[in-house]
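# Structural characterization, general
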Amino acid sequence: MRKKLLAGNWKMNKDIAESIDLISEINKGLNSSVFNKADVIVCPPFISIYPVCEYLKHSEIKVGGQNMYKETEGAYTGEISANMLISAGCRYVILGHSERRQYFGENDTLINQKMEKAITSNLIPILCVGETLSQREENKHIQTVTEQVKSCLKNIEASNEQEKFIIAYEPVWAIGTGVNATPEQAEEMHSEIRGILKELYGEDISEQIRILYGGSINEINSTDLFKMKNIDGGLVGGASIKAESFIKIINSVQ
Ligand code: 13P
């Protein structure tokens, strides 16, 4: 049985003081029994990671970065390394988010290199994939996501003993639009992705890899999405920067 996972992607929201306010509200609002059903991760902006980790020292909530660079260190102005994220307290990192692909020109080759670096550095990447609206309208959504998954996982190993990576299916047309994929649309893609994982890693391992859904998740649609067989939780944007909504979404895990 895969344990559910709820990750909040705060994107470019919340300064340091606001980050502490938000995380303290989330932390205080969650009943400790919820961690038996679900893992909870927050991904604040870089400068808030360390103070948020310090605040969460005795909490079950884990912290992730929203991005990192593929190199170990050096002259890469404005970038951040896997080891820096770890030193600040991160266990996870989001990679290949569609906003990185769209606004910062990231492609599958670079994302694949980042995946490799994250994993060898002992971070658990949350690999984001997803089609645009026009790709779906042209009925190319499955092909698009299949290519993304295969390219980004090239030469990436998975293991039975330890979680190496997580996948998040985030259809671009559902991000920040208020139009979520229906549970059936999401399940269709998640089961395709599970099929690719089976091809790559075999049945046993593919059944252990968590596949999250992301795109306009809220406290109203989360229950039905999380009931689907291959949906192992969510990567939440807008609703994760409102403590009340994020808590309700986490509590909607059955
Ligand atoms: P929204 O939940 O705001 O649609 O964002 C989803 C997302 O991009 C999470 O990474």
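This report concerns the structure included in the present document.

## Digging into the sheet that holds strand β4 (residues 92-95)
Overall, parallel pairing links the eight strands, which are arranged β1-β2-β3-β4-β5-β6-β7-β8 in a closed barrel. Strand-to-strand twist in this sheet, taken as the mean axis angle between neighbours without regard to direction, amounts to 25°. Alignment of strand β1 (residues 4-9) against strand β2 (residues 38-43), held across six bridges, turns out to be parallel. Along β2, the bridge assignment pairs Gly8 with Val42. The strands touched by helix α3 (residues 46-55) are β2 and β3 (62-65); relative to β3, the strand with the most contacts, the crossing angle is about 170°. Packing against the sheet, helix α12 (residues 243-251) makes contact with β1, β2 and β8 (233-236), and its axis sits at approximately 165° to β1.

## Side note on the side chain of Ser222
Assignment of secondary structure puts Ser222 in helix α11 (residues 222-226). Given a relative accessible area of 0%, Ser222 falls into the buried group. The contact partners of Ser222, leaving out residues within four places of it in the chain, are Ile217, Ile249 and Ser252.

## Structural notes on a negative patch on the surface
A surface patch of like charges, here negative, comprises Asp15, Glu18, Asp21 and Glu25. Checked against the element boundaries, Glu18 lands in helix α1 (residues 16-29). Overall, Glu18 belongs to the partly exposed group, its relative accessible area being 38%.

## Looking at the site of the ligand
Neighbouring the ligand are the residues Asn9, Lys11, His97, Glu170, Ala174, Ile175, Gly176, Gly215, Ser216, Leu235, Gly237 and Gly238. Within the contact set of the ligand, an oxygen atom lies 2.9 Å away from a backbone nitrogen or oxygen of Gly237. With the chains in place, 95% of the 310 Å² that the ligand exposes on its own is no longer accessible. In the shell around the ligand, the residues fall into three nonpolar, seven polar and two charged.

## Some points on helix α9 (residues 183-201)
The end-to-end C-alpha separation of α9 is 26 Å, in line with the 27 Å expected for 19 residues at 1.5 Å each. Considered for burial, the residues of α9 that qualify are Pro183, Ala186, Glu187, Met189, His190, Ile193, Arg194, Ile196, Leu197 and Tyr201. Downstream of α9 by one or two residues, Gly202 has phi in the positive range, about 90°.

## A closer look at the packing of aromatic side chains
With the rule as written, the count across this model stands at four aromatic pairs. On the numbers, 6.5 Å between centres and 85° between planes, the contact of Tyr103 with Phe104 is edge-to-face. Considered together, Tyr103 and Phe104 belong to a single accessibility category, that of exposed residues. Ring centres of Phe165 and Tyr201 lie 6.0 Å apart, and the angle between their planes is 50°; this geometry places the pair in the tilted category. Note that Phe165 is positioned in the loop between α8 (141-152) and β6 (166-169) and Tyr201 in helix α9, a separation of 36 residues in sequence. Tyr201 matches Phe165 in its accessibility class, with the two residues each being buried. Here the guanidinium or amino end of Arg100 rests over the ring plane of Phe104, the centre of that ring lying 4.1 Å away.

Cut-offs applied
Residues numbered from 1 in each chain as written. Predicted model: local features only at pLDDT ≥ 70, side-chain atom pairs only at ≥ 80, totals over all residues. Heavy atoms only, no water. Pairing = 2+ DSSP bridges. Helix = DSSP H or I, 4+ residues; strand = E, 2+ residues; numbered from the N terminus. Axes fitted to C-alpha atoms, helices over the stretch in contact; angles between N-to-C directions. Contact = heavy atoms within 4.5 Å. Buried < 20%, exposed > 50% of the residue type's maximum accessible area, 1.4 Å probe, protein only. Patch = residues over 30% accessible without salt bridge, like charges linked within 9 Å, V, L, I, M, F, W, Y side chains within 5 Å. Areas by Shrake-Rupley, 256 points an atom, 1.4 Å probe, with all protein chains shown as cover. Salt bridge = Lys/Arg side-chain N within 4 Å of Asp/Glu carboxyl O. Lys, Arg positive; Asp, Glu negative; His and termini not counted. Charge placed at Lys NZ, Arg CZ, Asp CG, Glu CD. Near = heavy atom within 4 Å. Polar contact = N/O pair within 3.5 Å; in protein donor to acceptor, adjacent residues only side chain to side chain. Nonpolar A, V, L, I, M, F, W, Y, C, P; charged D, E, K, R; others polar. Expected span 1.5 Å × (residues − 1). Phe/Tyr/Trp six-rings, centres within 6.5 Å; stacked < 30°, edge-to-face > 60°. Lys NZ or Arg CZ within 6 Å of the ring centre and 35° of its normal.

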